[in-house]
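Letter by letter, the chains look like this.
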Amino acid sequence: MGGAAVRDLLGDVMTVLVTGATGSVGREVVRGLLESGVPVRAVTRDPRRAELPARAEVVAGDLERPAELRAALDGVSAVHLFPVPGGAREFAELAVRAGVRRIVVLSSASVLESGAGSLSAQQHAPVERAVEESGVAEWTHLRPGAFALNVLDWAADARTEGVVRLPFAAAAQALVHEADVAAVAVEALLGEGHAGRAYEITGPAAVSQREQVAAIAEAIGEPVRFEELTPEQARQALLGRGCPPEVAEMLLDYLAAAAESPDVPTATVRRLTGRPARRFDEWARDHAADFR
């Protein structure tokens, strides 16, 4: 997608609105769009602290108050939508009235769960529905599985004690690099053939928690020991750190399932971007400074 600016269906240079622009995925989406020569309008609550590339037009906005984003939608052809369920329906309707023709939703693989679904599914599914029902000409849902970024929760113990304490050492996850999710988002925003599609996005292989800790130790060049907790010890540790009980149970249930049935990787990143998804050891090298 690099080179000349991408043009919309009317032949005009398209402007893409990126919400959640200072998040881990949003920052990468902004960068990828700019590298493709596309004008970017980046929405953040505090533009003074955004630290986004100078070529991006940074505007203040909050998806919890979508009416404030009317002006930001002016001249926009496509939107990268961060999942905020409370304001999603109003924002999507405003976007359609403003002439937006394509909305790409940063959703979650949790919406694929059966039954009532997890807290994550309850957050993301309403955003998907709001966009689908908005009347927008083209929508695409991105459904990443577990992010490799989640393991940053281990960083403090790795730095201070050289140990990571977790339950379910064998829990194997196909953790996805945030940059790969962003690369798929850029393709969905600028490419063709993605309308009405939902893409499940994972890393290239399921890696156990014990192997993840070993990869971090290798990346930082320092020993980091894995210490396995019982589920009850892990529950008490999570609650002691202020984790809501329902979130703690969701995490433990997910890890228990991943220990019995490892994540099944998808080929979405390779298929849509033309290159393989980044391995977990690559992510660990990219984030080595967080663990030193």
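Structure: see above.
Quick caveat: nothing in here was measured; it's all calculated off a predicted structure.

Caption draft 1: Local environment of the nonpolar core. Counting 59 residues, the largest nonpolar core has Val16, Val29, Leu33, Phe280 and Phe291 as its most contacted members. At eight residues, helix α5 (residues 178-190) tops the list of elements feeding residues into this core. Sequence-distant contacts of Val16, that is, excluding residues within four places in its chain, are made with Leu33, Val38, Pro39, Val40, Arg41, Ala78, Leu189 and Leu190.

Caption draft 2: Just the packing of helix α2 (residues 85-97) against helix α3 (residues 119-132), in detail. Two elements in contact, α2 and α3, have axes whose closest approach is 9 Å; the angle formed by their N-to-C orientations is 5°. When the axes of α2 and α3 are compared, the pair comes out roughly parallel. The segment α2 lies against α3, with Pro85, Ala88, Arg89 and Ala92 engaging Gln123, Pro126, Val127, Arg129, Ala130 and Val131. In the contact of α2 with α3, the residues fall into seven nonpolar, one polar and two charged.

Caption draft 3: Geometry of α5. The first and last C-alpha atoms of α5 sit 19 Å apart over 13 residues, in line with the 18 Å expected at 1.5 Å per residue. The buried fraction of α5 amounts to 12 of the 13 residues, a majority that puts the element mostly inside the structure. Those residues of α5 that sit buried are Glu178, Ala179, Asp180, Val181, Ala182, Val184, Ala185, Val186, Glu187, Ala188, Leu189 and Leu190.

Caption draft 4: Representation of the side chain of Arg102 within the structure. Assignment of secondary structure puts Arg102 in strand β5 (residues 102-106). By relative accessible area, which is 9% here, Arg102 ends up buried. Polar contacts involving the side chain of Arg102 include one to the main-chain carbonyl oxygen of Leu189, which spans 2.9 Å. Residues contacting Arg102, with those up to four places away along its chain left out, are Ser77, Ala78, Val79, Val136, Glu138, Ala188, Leu189, Leu190, Gly191 and Glu192.

Caption draft 5: Molecular detail of the packing of helix α7 (residues 231-240) against helix α8 (residues 245-260). Two elements in contact, α7 and α8, have axes whose closest approach is 10 Å; the angle formed by their N-to-C orientations is 145°. Considering the relative orientation of α7 and α8, their crossing is right-handed. Facing Pro231, Ala234, Arg235, Leu238 and Leu239 of α7, the residues of α8 in contact are Pro245, Ala248, Glu249, Leu251 and Leu252. Among the residues forming the contact of α7 with α8, the class breakdown is eight nonpolar, no polar and two charged.

Caption draft 6: Structural detail: the sheet that holds β5. Strands sit in the order β3-β2-β1-β4-β5-β6-β9 across an open sheet of seven strands; the sheet is parallel. Lying at the two open borders of the sheet, with one neighbouring strand each, are β3 (57-60) and β9 (197-201). The average undirected angle you get between the axes of adjacent strands in this sheet is 20°. Where strand β2 (residues 40-44) lies against β3, four bridges are found, and the strand directions are parallel. Paired with Val43 across the bridge in β3 is Val59.

Caption draft 7: How the structure looks around the environment of Glu246. Looking at the secondary structure, you find Glu246 in helix α8. Each C-alpha atom of the pair Glu246 and Ser118 lies 9.2 Å from the other, and the pair is 128 residues apart in sequence.

Caption draft 8: Structural view of the pattern of salt bridges. Enumeration over the complete set of coordinates arrives at 22 salt bridges. Within this structure, Arg45, Asp62, Arg65 and Glu68 form a network of salt bridges that share partners.

Caption draft 9: Broad picture of unusual backbone geometry. Unlike most non-glycine residues, Glu51 shows phi in positive territory, near 55°. As for its placement among the helices and strands, Glu51 is situated in the loop between β2 and β3. The exposure class assigned to Glu51 is exposed, which follows from its relative accessible area of 72%. Phi at Phe168 takes a positive value of approximately 55°, unusual for a residue other than glycine.

Criteria and cut-off values
Residues numbered from 1 in each chain as written. Predicted model: local features only at pLDDT ≥ 70, side-chain atom pairs only at ≥ 80, totals over all residues. Heavy atoms only, no water. Core = buried A, V, L, I, M, F, W, Y, C linked by side-chain atoms within 4.5 Å. Buried < 20%, exposed > 50% of the residue type's maximum accessible area, 1.4 Å probe, protein only. Helix = DSSP H or I, 4+ residues; strand = E, 2+ residues; numbered from the N terminus. Contact = heavy atoms within 4.5 Å. Axes fitted to C-alpha atoms, helices over the stretch in contact; angles between N-to-C directions. Parallel < 35°, antiparallel > 145°, perpendicular 65-115°, else oblique. Nonpolar A, V, L, I, M, F, W, Y, C, P; charged D, E, K, R; others polar. Expected span 1.5 Å × (residues − 1). Polar contact = N/O pair within 3.5 Å; in protein donor to acceptor, adjacent residues only side chain to side chain. Left-handed = near helix turned anticlockwise from the far one by under 90°. Pairing = 2+ DSSP bridges. Salt bridge = Lys/Arg side-chain N within 4 Å of Asp/Glu carboxyl O.

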